[in-house]
Structure formats: C-alpha cells, structure tokens
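If you want the building blocks of each chain, they are given just below.
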Amino acid sequence: MSANALNVTVWNEYRHERMEEACRAIYPDGIHGLIKSFLEEADAELSVRLAALDDPDNGLSDDVLNSTDVLLWWGHMAHHEVPDDLVAKIRQRVYLGKMGLIVLHSGHHSKVFKEVVGTNGNLSWGRDQNEIVWNLLPAHPIAAGIPDHFNLFEELYCEPFYVPQPDELVFGGWFEDGYIFRSGLCYYRGAGKVFYFQPGHEFCRSFYNPYVQRIICNAVRWAAPNDIGYEITDGCPHVTEKLSEKF
C-alpha cells in the first residue's frame, strides 16, 4: 500500500434526501454519495466508504471508526440521535492524533463538532442567496488551486459564529444581503486536526462546484494523521501508577 493511501469515511445523516423530493433531485445518491464520487475521482489513493445515521451502529462500528484516517461529517435534523458514546469515541480518536475530522455546513450544531472543538456551535442564518467565498490564506494547503474568490448560491450563515478563535482562518464568505461569515476554519485539538467548511445546504448545489470539491479534497489530505513517531498516553501515567500501587 502506498504511503499516501488514506481510509476516508463520509458520514451523512441521510434523512433529507430520503424524505424530501427536492433534495433527492439534487443529490439522488445522497450528499455523501456525491462526496465519495468526487473524492475518488480526484485522488486514486483514497479508499472511501459511506456511513449514515440509520445504518447498523450508525455506520460507525468500532472496526470502521478505528480504521478511518479522515472522517467527514454532514448532519442537520437529527443531531440529537447520534449516541453520546459514539461522539466520545470520535473525540478521543481525533485528540490522540489517529483521525482527522472535516465538518460540513449544518454540522456546526452536531454533537461531534461541539464536543471536539468545544463550542455551542451557534450562528445566525437566513435565506438562500449569492455568496462570494474569499480565499483569505492562499498559502494554506487547503487553499491550493483555489482562486482569490469564487461564487456560490448558498444558505446564509452569518456572524456572530460562537466558536473558539480558529487556529487558521482559510476562507471567509460575503453574502448579497451584506452579511459575512468565517466559512473555512482550522482547529488543532490534541494531536488531531479539524476543518469546518460552511457550504453544503441540502437544497443548494454547492457540492457540485469544482472549487468546493477541490477544497474538500485538499482538506482530506491536510486533516490526515501525522506520523508523530510515538504513542500518545491517554490520561496521566503517574496517577495510574499510584492508583495501581494503592489498590
């Protein structure tokens, strides 16, 4: 296997596409199905699998999760149905540097994003409209091949976005109603990497945009675990040793 090979899991709530014809018409194979297709087309060294909320084990059994290098997450209407113990496993795997996390659009309110980043995920929003996505950090790996700006038709997300100050702010959005939004944010949590990207409303076609696709492909490579050369200790070894001696 090539050193560049990565196991990628694209997780999607997959409710809107099954319940609403307008959404199914845009994403007949699900949002996750489209993401899988363009990831595989762009990078032959990615092994991409799909997972959804209503799959057995919510699509993320221990075997799947423990063999995932990068997890992409899209959710909206059923954040509360994701089990807390699964969220804890994802958070731990990210913090230990074993897996990168990419959260898309309405995943800002997912348990996963809130727990891993440390936020309530709140923001303001409004009608679908024209958006200009500005490339604020062109030297960043996620911005490779992206022009200084590009246009989308998207659901309005706007500030204030109640998240911790990002470690790196790669993209910013300007909407025709005059609102702005920090639309591409990088976080380092423990030894892991997290990227939040705003486009991807279920009734918009943003995931067909070549620049959006390129950004997500770049983010997969950026979020991949580093070979840090040692095993990170989970917990305080001194406390563990003292407890074992005492009891």
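In what follows, the structure referred to is the one given above.
No experiment lies behind these values; they were computed from the predicted model shown. (Residues numbered from 1 in each chain as written. Predicted model: local features only at pLDDT ≥ 70, side-chain atom pairs only at ≥ 80, totals over all residues. Heavy atoms only, no water.)

1. A few points about the environment of E231
Thought 1: Position of E231 relative to the elements: it lies in the loop between α7 (210-223) and α8 (237-246).
Thought 2: At 3.0 Å, the side chain of E231 forms a polar contact with the side chain of K98. (Helix = DSSP H or I, 4+ residues; strand = E, 2+ residues; numbered from the N terminus. Polar contact = N/O pair within 3.5 Å; in protein donor to acceptor, adjacent residues only side chain to side chain.)

2. Here we look at the sheet that holds strand β9 (residues 192-197)
Thought 1: With respect to topology, 9 strands assemble into an open sheet ordered β2-β1-β3-β4-β9-β8-β7-β5-β6, the strand pairing being mixed. Unpaired on one side and paired on the other, β2 (46-52) and β6 (149-158) mark the two borders of the sheet. Going from strand to strand, the sheet's axes swing by 25° on average, the running direction of each strand aside.
Thought 2: Looking at chain direction, strand β5 (residues 124-135) and strand β7 (residues 168-175) are connected through 5 bridges and run antiparallel. Of the residues in β7, the one forming a bridge with N135 is F171.
Thought 3: Contacting β1 (6-12), β2, β3 (70-74) and β4 (100-104), helix α3 (residues 30-42) runs over the sheet at an angle of about 180° to β2. (Pairing = 2+ DSSP bridges. Axes fitted to C-alpha atoms, helices over the stretch in contact; angles between N-to-C directions. Contact = heavy atoms within 4.5 Å.)

3. Section: α7
In an α-helix there are 3.6 residues to a turn, and that puts residues three or four apart on one side.
Thought 1: The first and last C-alpha atoms of α7 sit 20 Å apart over 14 residues, in line with the 20 Å expected at 1.5 Å per residue.
Thought 2: For α7, a buried count of 10 out of 14 residues is recorded, marking the element as mostly surrounded by other parts of the structure.
Thought 3: For α7, every residue scored as buried is listed here: V212, Q213, I215, I216, C217, N218, A219, V220, W222 and A223.
Thought 4: The N-cap residue of α7 is N209: its side-chain oxygen and the backbone nitrogen of Y211 are 2.8 Å apart. (Expected span 1.5 Å × (residues − 1). Buried < 20%, exposed > 50% of the residue type's maximum accessible area, 1.4 Å probe, protein only.)

4. Some details on the packing of aromatic side chains
Given two aromatic rings, one states the distance between the centres and the angle between the planes to describe the pair.
Thought 1: Here the structure, examined in full by the defined rule, presents 11 aromatic pairs.
Thought 2: Look at F150 and Y211: their rings are 5.3 Å apart centre to centre, the planes differ by 40°, and that puts the pair in the tilted class. One end of the pair, F150, is in strand β6; the other, Y211, is in helix α7, with 61 residues separating them in the sequence.
Thought 3: Residue F150 is classed as buried on the basis of its relative accessible area, which comes to 3%.
Thought 4: Taken together, a centroid distance of 5.8 Å and an interplanar angle of 70° make the contact between Y157 and F181 edge-to-face. With Y157 in strand β6 and F181 in strand β8 (residues 180-189), this residue pair connects regions lying 24 residues apart in the sequence. Both residues of the pair, Y157 and F181, count as buried.
Thought 5: Put simply, the rings of F113, Y157, F161, F181 and Y196 touch in pairs and so form one group of aromatic residues.
Thought 6: Positioned over the ring face of Y14 is R18, at 5.3 Å from the centre of the ring. (Phe/Tyr/Trp six-rings, centres within 6.5 Å; stacked < 30°, edge-to-face > 60°. Lys NZ or Arg CZ within 6 Å of the ring centre and 35° of its normal.)

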